[in-house]
Amino acid sequence: MMKKMVGLMMVGLLCAGAALGGVLSEDPGELAVSGLFWLPGEGDSDLFDAGYGASVSYREWFSFPWGVGLNLGVAQWQVDSGSDAYKYQKMTDYRGDATLLFIGPALYFNAIDWDTWSLNVETGFQFVYIDSNVEVKLDGKNQKVDIDQDILWHIGLEYEYMLAENMFLLAGGGYQVDVMPAETDYAAGSLRDTYLHGVFVRLGAKFLF
């Protein structure tokens with residue numbers, strides 16, 4: 001259900017960007033479609049091992065070199081089977097995954113603007129809605145783990161290379177940290193918060209409208 005919802009939201013953002021390009025300035029609006037890969041956490045202190053997903057972003061340069069945008073995406077994060085995220089010795093055999101829906105604003109600064117390429121600095125917040133399919137084993141019985149929403153702050157670098165007049169190749173990466181980690185519980189009560197901090201890399205294409 002969440003994947004269908006984010007798919008419809010992405011289509012809506014694409015259509016809105018194409019229709020409303022250049023609202024905040026005389027420059028054209030920009031739509032970027034990217035694939036992402038995450039390396040979350042630091043060893044077995046965190047729940048997740050790796051994540052992958054896709055995003056759609058719309059941005060405008062309201063006062064160059066400054067720009068603003070909106071990011072929307074969906075991801076699947078895999079549980080680290082060797083995790084000890086909840087620091088409870090009787091909990092073993094961490095398994096499963098989680099679907100993440102993220103949306104949030106971003107601020108951009110164009111650090112280098114060359115003839116056919118540019119380098120942008122990006123920062124912003126992500127509001128993350130989590131559909132948990134995570135389980136742990138407690139006293140020989142599987143326990144479903146419920147994970148609440150999360151708020152992230154991220155910073156990164158993005159390289160753009162012009163392929164055509166209105167089309168660019170994108171490659172970038174950065175780091176995200178939890179501003180408000182996700183509250184977590186299971187049938188017997190509350191657990192330690194779940195964290196989504198870690199490194200991410202991104203590859204995609206940008207189109208001007």
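Everything below is about the structure printed above this text.
Residues numbered from 1 in each chain as written. Predicted model: local features only at pLDDT ≥ 70, side-chain atom pairs only at ≥ 80, totals over all residues. Heavy atoms only, no water.

Draft legend 1. Quick look at the overall build of the protein chain. Within the protein chain, the secondary structure is distributed over one helix and 11 strands. Beginning at the N terminus, the succession of helices and strands in the protein chain can be written as α-β-β-β-β-β-β-β-β-β-β-β. Counting every position in the protein chain, which comprises 209 residues, the buried fraction comes to 44%. Of the contacts made within the protein chain by residues no fewer than 6 positions apart, 68% connect residues no fewer than 24 positions apart. When the accessible area of the protein chain is evaluated, it comes to approximately 10600 Å², of which 61% is carbon and sulfur surface. (Helix = DSSP H or I, 4+ residues; strand = E, 2+ residues; numbered from the N terminus. Buried < 20%, exposed > 50% of the residue type's maximum accessible area, 1.4 Å probe, protein only. Contact = heavy atoms within 4.5 Å. Areas by Shrake-Rupley, 256 points an atom, 1.4 Å probe, with all protein chains shown as cover.)

Draft legend 2. Expanded view of a negative patch on the surface. On the surface, Asp146, Asp148, Glu183, Asp185 and Asp193 cluster together into a negatively charged patch. With respect to the helices and strands, the residue Asp193 is situated in strand S10 (residues 189-194). Relative accessible area serves as the criterion here: at 32%, Asp193 is assigned to the partly exposed category. (Patch = residues over 30% accessible without salt bridge, like charges linked within 9 Å, V, L, I, M, F, W, Y side chains within 5 Å. Salt bridge = Lys/Arg side-chain N within 4 Å of Asp/Glu carboxyl O. Lys, Arg positive; Asp, Glu negative; His and termini not counted. Charge placed at Lys NZ, Arg CZ, Asp CG, Glu CD.)

Draft legend 3. Region of interest: a nonpolar patch on the surface. A surface patch of nonpolar side chains, amounting to about 770 Å² of accessible area, comprises Val33, Tyr159, Tyr161, Leu163, Met167, Leu169, Leu203, Phe207 and Phe209. When residues of the nonpolar patch are assigned to their parent elements, the largest contribution, three residues, is made by strand S7 (residues 150-164).

Draft legend 4. A look at the nonpolar core. Leu47, Tyr86 and Ile147 are the most contacted members of the largest nonpolar core, which has 27 residues in total. Sorting the residues of this core by element identifies strand S1 (30-40), strand S3 (66-79), strand S4 (91-113), strand S5 (117-138), strand S6 (141-147) and strand S9 (182-186) as the ones contributing at least two each. Not counting chain neighbours up to four residues away, the residues in contact with Leu47 comprise Val79, Asp80, Ser83, Ala85, Tyr86, Tyr94, Val134, Ile147 and Thr194. (Core = buried A, V, L, I, M, F, W, Y, C linked by side-chain atoms within 4.5 Å.)

Draft legend 5. Molecular detail of the packing of aromatic side chains. Going through the model one piece at a time under the given rule, you end up with eight aromatic pairs. Among the aromatic side chains, those forming a connected cluster through ring pairs are Trp38, Phe48, Trp77 and Phe102. Positioned above the aromatic ring of Tyr108 is the side chain of Arg59, whose terminal nitrogen or guanidinium carbon lies 4.1 Å from the ring centre. Above the face of the Phe168 ring, Lys206 is positioned so that its terminal group lies 4.5 Å from the ring centre. (Phe/Tyr/Trp six-rings, centres within 6.5 Å; stacked < 30°, edge-to-face > 60°. Lys NZ or Arg CZ within 6 Å of the ring centre and 35° of its normal.)

Draft legend 6. Inspection of the environment of Gly82 at higher detail. With respect to the helices, strands and loops of the structure, Gly82 is situated in the loop between S3 and S4. Residue class for Gly82 comes out partly exposed when judged on its relative accessible area of 46%. Here the alpha-carbon distance between Gly82 and Phe48, two residues 34 residues apart in the chain, equals 9.7 Å.

Draft legend 7. Region of interest: the pairing of S10. As paired elements, S9 and S10 share four bridges and run antiparallel to each other. Across the sheet, residue Thr184 finds its bridge partner in S10, namely Leu191. Counted along the chain from S9 to the antiparallel partner S10, the turn is two residues long. (Pairing = 2+ DSSP bridges.)

Draft legend 8. Highlighting the pattern of salt bridges. All told, the structure shown has nine salt bridges when counted by the stated rule. Where Arg59 meets Glu30, a salt bridge forms, and the shortest distance between an N and an O atom there is 3.9 Å. Here the residue Arg59 occupies a position in strand S2 (residues 48-63), and Glu30 occupies one in strand S1, the gap between them amounting to 29 residues. Here Arg59 matches Glu30 in class, with each residue buried. Overall, the relative accessible area of 3% leaves Arg59 in the buried class. In the salt-bridge network here, residues are joined through shared partners; they are Glu30, Arg59, Glu122, Glu158, Glu160, Arg202 and Lys206.

Draft legend 9. Seen up close, the pairing of S7. For S5 and S7, the ladder comprises 12 bridges, and the chain directions are antiparallel. Within the sheet, the bridge partner assigned to Phe125 lies in S7 and is Trp153. In terms of strand pairing, S7 meets strand S8 (residues 167-180) through 13 bridges, oriented antiparallel. Paired with Glu160 across the bridge in S8 is Leu170. The turn linking S7 back onto S8 is made up of two residues.

Draft legend 10. Spotlight on the side chain of His154. Within the fold, His154 resides in strand S7. Within the structure, the side chain of His154 is placed 3.0 Å from the side chain of Glu122, a separation counted as a polar contact. With residues near it in sequence (within four places) discarded, His154 still touches Asn71, Glu122, Thr123, Gly124, Phe125, Gln126, Tyr175, Gln176 and Phe200. (Polar contact = N/O pair within 3.5 Å; in protein donor to acceptor, adjacent residues only side chain to side chain.)

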